[in-house]
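Coordinate analysis (summary)
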Amino acid sequence: MTLTAGGPREPVRKWRGVPEELSARVPAEQRGPGRGRDDVRLLVSRGTAVAHHAFRELPGLLRAGDVLVVNTSPTLAAAVDGRVGHARVVVHFSTRGDDGRWAVELRDPDGAGTTRARAGGPAGSRVRLPGGVRLALEEPLARGSGRLWWARVSPRGSVPGLLREHGRPIRYSYTERDQPLSAHQTVFALPSTDGSGSAEMPSAARPFTPALVAELVSRGVLFAPVTLHTGVASAEVHEPPYPERFAVPEASALLIGAVRAAGGRVIAVGTTAVRAVESAAGADGVVRARAGWTDLVVTPARGVRVVDGLLTGLHEPQASHLLMLEAVAGRAAVERGYDEALSALYLWHEFGDLHLVLPEEDTDTQHCYGNQL
């Protein structure tokens, strides 16, 4: 059973995990000569109706006047080798706190270039890092969970330079080899002034290329940038999301409001974009400029107030992101889509294929909202 913020829940479907052969081990552009980032497949769900497309066909699946909500958070080279006493560890830098501390996860190297889980803490543990940087573990990030700890960093403010000089992108065991940081950045990523960013790539946006964005713009599709710095995922236990920093600028809030008023659709690119924009929406469904921390977990019980559709990767059966998909599309649509993805051998994880969830509607009806905005 899947543990959620509301307690146990049956998984969206009764498969135990992603078949090993369906894990995307390298980025799309490395799977053959002449391939690009956008050489991935796109599963499209409208209610329980499912269709198969290439990701490059996305412009033809959207309408003038639709708005894509995109996350501008840059991916950090968040993994750094260190030592606790004589033991080697890998530190995953997850989230920068307002007080200058960092939430970190300590993991053991597995000898194959990836890592395995390690018991967290205890308080007072000290970690030696390259360049004379030191961490002192102070307290767990969340009560009852020892995976992530708040750590005091010395010298203060040294983490951005440490990651630039000695960091590498976090890598999981299903991938074939380390990738350069550029392979983990999306076309929408913008540098942050304080060195903050995402410990893991906002991967739903990875297949977008400048040429594809230009085609979408030429067809009247709009873009609303938001920011949510996502932390280190719990690869082993699939914990619900914890508080993350986000910002929805006023221009994006106004654009989303105008699109909704004109009858256009708000389509989030990734679960991080959903979390950000829904955190900025009031009970009246109006999105307002907002920045800070969000602890929102989008579930079917809570529902969505703003988002009409979602472009996302394929998630493991225990992942809390599936509850967000249910909130957007309904349980039957998610089950149908995942049955089809498994049968058609779609690829999972951050370098894998995409799933576009759109509202169920009469596809023969023609809409054009571009002139109304």
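Looking only at helices and strands, one finds seven helices and 18 strands in the chain. Taking the contacts inside the chain whose residues are at least 6 apart along the sequence as the reference set, 71% of them involve residues at least 24 apart. Accessible surface computed for the chain: about 16,000 Å², of which carbon and sulfur atoms make up 51%.

This paragraph deals with the pairing of strand E15 (residues 266-269). Burial along E15 is two-sided: Val266 and Ala268 and Ile267 and Val269, pointing in opposite directions, are all buried. Bridge count between strand E5 (residues 67-71) and E15: three bridges; the pairing is parallel. Looking across to E15, one finds that Leu68 is bridged to Ile267.

For the rest of this paragraph, the subject is the environment of Pro180. Looking at the secondary structure, you find Pro180 in the loop between helix H2 (159-166) and helix H3 (210-218). By relative accessible area, Pro180 is classed as partly exposed at 47%. In this structure, the C-alpha to C-alpha distance between Pro180 and Ala77, residues 103 residues apart in sequence, is 9.0 Å.

With 13 residues, helix H7 (residues 331-343) extends 18 Å between its outermost C-alpha atoms, agreeing within 8% with the 18 Å of an ideal straight helix rising 1.5 Å per residue. Those residues of H7 that sit buried are Ala333, Val334, Gly337, Tyr338, Ala341 and Leu342. Seen end-on, H7 carries its buried residues on one side only, within an arc spanning 160°. Tucked inside the fold, the buried residues of H7 contact strand E3 (41-46), strand E4 (49-54), helix H6 (321-329) and strand E18 (354-358). Taken from the residues just after H7, Leu345 is the one with a positive phi, measuring 60°.

So, about unusual backbone geometry. Residues Ser154 and Pro155 are joined by a peptide bond in cis, for which omega reads -5°. Inspection of the secondary structure puts Pro155 in the loop between strand E12 (145-154) and H2. Even without glycine at this site, Leu345 takes up a positive phi of about 60°. With respect to the secondary-structure elements, Leu345 resides in the loop between H7 and E18. When its relative accessible area of 54% is taken as the criterion, Leu345 is described as exposed.

Summarising the model, the chain shows a mean pLDDT of 88, and 90% of its residues fall at 70 or more. This model gives residues 362-373 a pLDDT under 50, and the stretch forms 17 contacts once residues within four places in sequence are excluded.

Attention now moves to the side chain of Arg245. Mapping Arg245 onto the fold places it in strand E14 (residues 244-248). Aside from chain neighbours lying at most four places away, what touches Arg245 is Arg96, Asp98, Asp194, Ser196, Thr227, Leu228, His229, Gly292 and Trp293.

In this model, helix H4 (residues 250-261) (12 residues) spans 16 Å end to end at C-alpha, consistent with the 16 Å of a helix rising 1.5 Å per residue. Of the positions making up H4, those classed as buried are Ser252, Ala253, Ile256 and Val259. Buried residues in H4, looked at end-on, bunch into an arc of 130°, giving them a common side. When the buried face of H4 is taken as reference, the exposed residues oriented beyond 90 degrees from it are Glu250, Ala251, Leu254 and Ala261.

Following the criterion strictly, the structure yields 24 salt bridges and no others. Notably, a salt bridge pairs Asp39 with Arg56, separated by 3.2 Å at the nearest N-O pair. Linking Asp39 in the loop between strand E2 (7-9) and E3 with Arg56 in the loop between E4 and helix H1 (58-61), this pair joins segments that are 17 residues apart in sequence. With a closest N to O distance of 3.0 Å, Arg101 and Glu139 form a salt bridge. Taken together, the residues Arg101 in the loop between strand E7 (87-96) and strand E8 (102-109) and Glu139 in strand E11 (residues 134-142) connect sequence positions 38 residues apart.

Our next topic: the pairing of E7. Most of E7 is tucked away, with seven of its 10 residues classed as buried. In this antiparallel pair of consecutive strands, E7 and E8, the connection spans five residues, and Gly100 shows a positive phi of 90°.

On to a positive patch on the surface. Side chains of Arg83, Arg88, Arg128 and Arg134 sit close together on the surface and give a patch of like positive charge. With respect to the helices and strands, Arg134 occurs in strand E11. For Arg134, a relative accessible area of 36% puts it in the partly exposed group.

What counts and how
Residues numbered from 1 in each chain as written. Predicted model: local features only at pLDDT ≥ 70, side-chain atom pairs only at ≥ 80, totals over all residues. Heavy atoms only, no water. Helix = DSSP H or I, 4+ residues; strand = E, 2+ residues; numbered from the N terminus. Contact = heavy atoms within 4.5 Å. Areas by Shrake-Rupley, 256 points an atom, 1.4 Å probe, with all protein chains shown as cover. Buried < 20%, exposed > 50% of the residue type's maximum accessible area, 1.4 Å probe, protein only. Pairing = 2+ DSSP bridges. Expected span 1.5 Å × (residues − 1). Arc of directions from axis to C-beta. pLDDT = per-residue confidence, 0-100. Salt bridge = Lys/Arg side-chain N within 4 Å of Asp/Glu carboxyl O. Patch = residues over 30% accessible without salt bridge, like charges linked within 9 Å, V, L, I, M, F, W, Y side chains within 5 Å. Lys, Arg positive; Asp, Glu negative; His and termini not counted. Charge placed at Lys NZ, Arg CZ, Asp CG, Glu CD.

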